[in-house]
Amino acid sequence: MKHDIGKLPEILDRHPKSQESLIAILQDIQKEYNYIPCEALTETATALSIPLSKVFAISTFYNAFSLTPRGETIIRVCTGTACHIRGAELIKDQIETALGIKAGETTPDGKFTIEVVACVGACAMAPVVINNEKYHGSVKVSGVKKLLKVKK
Amino acid sequence: MVNITINGKTAQAKEGEMLLSVIRRLKIDVPALCHHEAVEPLGACRLCMVEITKTEWDGWSKFVTSCLYPVEPDLIVSTHSDQVNEIRRTIMDLYLARHPNSPEIRKLAEEYGVLKTSYEVQVDGDNCILCGICTRICDAMGFHAISLVGRGHGKTVAPPLNEAPPDCTGCLSCALNCPTNFIEFSDQDDKRTIWNKEFEMLACVKCGATTITREFAEHLSKNRDIPFEYFETCDSCHRKETSLTMGRIAAWTKEAQS
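Only a predicted model underlies this, so the values are computations on that prediction, with no experimental measurement involved.

### Comments concerning the sheet that holds strand β3 (residues 129-131) of chain A
Sheet strands line up and pair through hydrogen bonds in the backbone, either parallel or antiparallel.
All names here are of chain A.
Part 1 of the reasoning: Pairing is mixed in the open sheet, where 4 strands are placed in the order β2-β1-β3-β4. The open sheet has two edge strands with one neighbour each: β2 (112-117) and β4 (134-136). Between one strand axis and the next, the sheet turns by 20 degrees as a mean value, whatever way the strands run.
Part 2 of the reasoning: Examined bridge by bridge, β3 and β4 share 3 bridges and lie antiparallel to one another. Opposite Val-129, over in β4, you have His-136 as the bridge partner.

### Quick word on the pairing of strand β1 (residues 73-78) of chain A
Residue and element names in this part refer to chain A.
Part 1 of the reasoning: Counting buried positions along β1 yields 5 of 6 residues, so the element is predominantly enclosed.
Part 2 of the reasoning: Taken together, the 6 bridges between β1 and β2 define a ladder with parallel strand orientation. Looking at the pairing, Ile-74 lines up with Thr-113 of β2.
Part 3 of the reasoning: Two strands pair when backbone bridges link them, and β1 and β3 are joined in this way by 3 bridges, in the antiparallel orientation. Its bridge partner being in β3, Ile-75 is matched across the sheet by Asn-131.

### Observations concerning the packing of aromatic side chains
Part 1 of the reasoning: Tallied over the entire structure, the rule returns 4 aromatic pairs over all chains.
Part 2 of the reasoning: Aromatic side chains Tyr62(A) and Phe65(A) sit 6.1 Å apart centroid to centroid with 85 degrees between the ring planes, which places their arrangement in the edge-to-face category.
Part 3 of the reasoning: Classification of Phe65(A) as buried rests on a relative accessible area of 8%.
Part 4 of the reasoning: Seen in terms of ring centroids, Tyr230(B) and Phe231(B) are 5.5 Å apart; in terms of plane orientation they differ by 90 degrees. Their pairing is edge-to-face.
Part 5 of the reasoning: Judged by its relative accessible area of 43%, Tyr230(B) is partly exposed.

### Some thoughts on the environment of Lys27(B)
Part 1 of the reasoning: With respect to the helices, strands and loops of the structure, Lys27(B) is situated in the loop between α1 (19-25) and β3 (49-53).
Part 2 of the reasoning: Measuring from C-alpha to C-alpha, the distance between Lys27(B) and Gly142(B) comes to 31 Å, with 115 residues separating the pair along the chain.

### Re the interface of chain B and chain A
Part 1 of the reasoning: Each partner contributes residues to the interface: chain B has 13 residues there, and chain A has 13 residues.
Part 2 of the reasoning: Buried surface at the junction of chain B and chain A, both sides included, amounts to about 1,100 Å², of which 65% is carbon and sulfur.
Part 3 of the reasoning: The tally of links from chain B across to chain A stands at 1 salt bridge.
Part 4 of the reasoning: Two residues, Asp139(B) and Lys54(A), come together in a salt bridge whose shortest N-O distance is 3.1 Å.
Part 5 of the reasoning: Considering every element that reaches the side of chain B that touches chain A, the biggest residue donor is strand β6 (residues 147-149) of chain B, with 3 residues.

### Describing helix α3 (residues 103-111) of chain B
Residues and elements named next belong to chain B.
Part 1 of the reasoning: Considered for burial, the residues of α3 that qualify are Ile-105, Leu-108 and Ala-109. Take α3 and look down its axis: the buried residues cluster within an arc of 100 degrees, on one side only. Turned more than 90 degrees away from the buried face of α3 sit Pro-103, Lys-107 and Glu-110, all of them exposed.
Part 2 of the reasoning: Next to the buried residues of α3 lie α2 (82-98).
Part 3 of the reasoning: At the exit of α3 stands Gly-113, carrying a positive phi of roughly 75 degrees.

### Considering the sheet that holds strand β8 (residues 185-188) of chain B
All names here are of chain B.
Part 1 of the reasoning: Judged by pairing direction, the sheet is antiparallel, and its 4 strands sit side by side in the order β8-β9-β10-β11 without closing on themselves. Looking along the sheet, the strands with just one partner apiece sit at the ends: β8 and β11 (210-213). Going across the sheet, the axis of each strand differs from the next one's by a mean of 30 degrees, ignoring polarity.
Part 2 of the reasoning: Judged from the 4 bridges that link them, β8 and strand β9 (residues 191-194) form a sheet pairing that is antiparallel. Across the sheet, the residue bridging to Asp-187 is Arg-192, located in β9.

### Notes on the nonpolar core
Part 1 of the reasoning: Core analysis: the largest hydrophobic core is formed by 25 residues, its most contacted members being Ile146(B), Cys174(B), Ile183(B), Ile194(B) and Trp195(B).
Part 2 of the reasoning: For this core, the elements supplying multiple residues, two or more each, are α4 (133-141), α5 (173-177), β10 (197-203) and α6 (214-223) of chain B.
Part 3 of the reasoning: When residues of this core are assigned to their parent elements, the largest contribution, 3 residues, is made by α6(B).
Part 4 of the reasoning: Residue contacts for Ile194(B): discarding those within four places in its chain leaves Cys168(B), Gly170(B), Leu172(B), Cys174(B), Ala175(B), Ile183(B), Glu184(B), Phe185(B) and Phe199(B).
Part 5 of the reasoning: One finds Leu8(A), Ile11(A), Leu26(A) and Phe65(A) within the second-largest nonpolar core, a separate group that totals 22 residues.

Reading the values: the criteria
Residues numbered from 1 in each chain as written. Chains lettered and ligands numbered in written order. Predicted model: local features only at pLDDT ≥ 70, side-chain atom pairs only at ≥ 80, totals over all residues. Heavy atoms only, no water. Pairing = 2+ DSSP bridges. Helix = DSSP H or I, 4+ residues; strand = E, 2+ residues; numbered from the N terminus. Axes fitted to C-alpha atoms, helices over the stretch in contact; angles between N-to-C directions. Buried < 20%, exposed > 50% of the residue type's maximum accessible area, 1.4 Å probe, protein only. Phe/Tyr/Trp six-rings, centres within 6.5 Å; stacked < 30°, edge-to-face > 60°. Contact = heavy atoms within 4.5 Å. Buried area = accessible area lost by both parts, 1.4 Å probe. Salt bridge = Lys/Arg side-chain N within 4 Å of Asp/Glu carboxyl O. Arc of directions from axis to C-beta. Core = buried A, V, L, I, M, F, W, Y, C linked by side-chain atoms within 4.5 Å.

Set out below in structure tokens:
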């Protein structure tokens, strides 16, 4: 599959051509395309003179990077200790049923991706679901549908 | 020079030297799966754990991975104390649960009396212990063709993008140094396959036996200043060549003396 990586030269220009820029560049690519196309990995490796294997290792290590396209809306379900105790598992199940996909997957129309995260540092609001950048606290199973409609 | 005590015997070590290398020099059998002299230590397999103490520590001791611990003056090391053996048994136990089918792991565990794991066996587990010898050696060879990919329980050794690695030359350094012989490759006629990449093998111009891959020979001749033709003769023929040369030298010497 060919991907459009037209914005890549611009992203690469924003950073010094050194090894230290790698993560910053990957973050910018991730932000621009919502995932990191494999051509972008190869180009970045060449531009920074870092072995492709190292770039691949780093991009697969961090959860913030995804090598497969992700949805426009990313639903993050917190399953940290506090959220877990307050029923995060049920919330996760409900979201999975509502969207018809499993955690870690993206809906075929490319609208939603479900991610499971372990603690977002908002334990007082448990259970927490994050719709893109918006935090929703004390989520109830009955409130899941409404929460998914917030940004459609 | 630093003086240390290992299992009651005094030993001398170079400053900055790692404990494991001193232990190995004394021919004490301390197991290690992720250690390789050609690369920097990593401390991944945890098997080289030893107990260290000093007289001024008031009876306190601690457990350290000897491959990563630089020697200190007056260190007292036990490589096989009861507690160390217990730690090693626990590690073997975990390895057995994860890699139940690896003959190398089973043999090592058996030496420590662990015949069966006490944990749940991972049935679909492979034999890769993620020691990183393959990736570190590949880096040391200068190819950087493979790396540790992902993290946590999803971690694997893989070429970039899980495709045939463009930088691999088929030198087999990874496969031949793998402590559990996990990395598969095949040598058939004049073809070698590893990491899903096919290589052409060079054939000895004298006897026809295969030598190394064309890519590896090209890499060596370009970066190590060895003429490419050198790799078109196999090791046995090189040796035959050497004996002929030695014979000639002997004849000349004799001639010169007479």
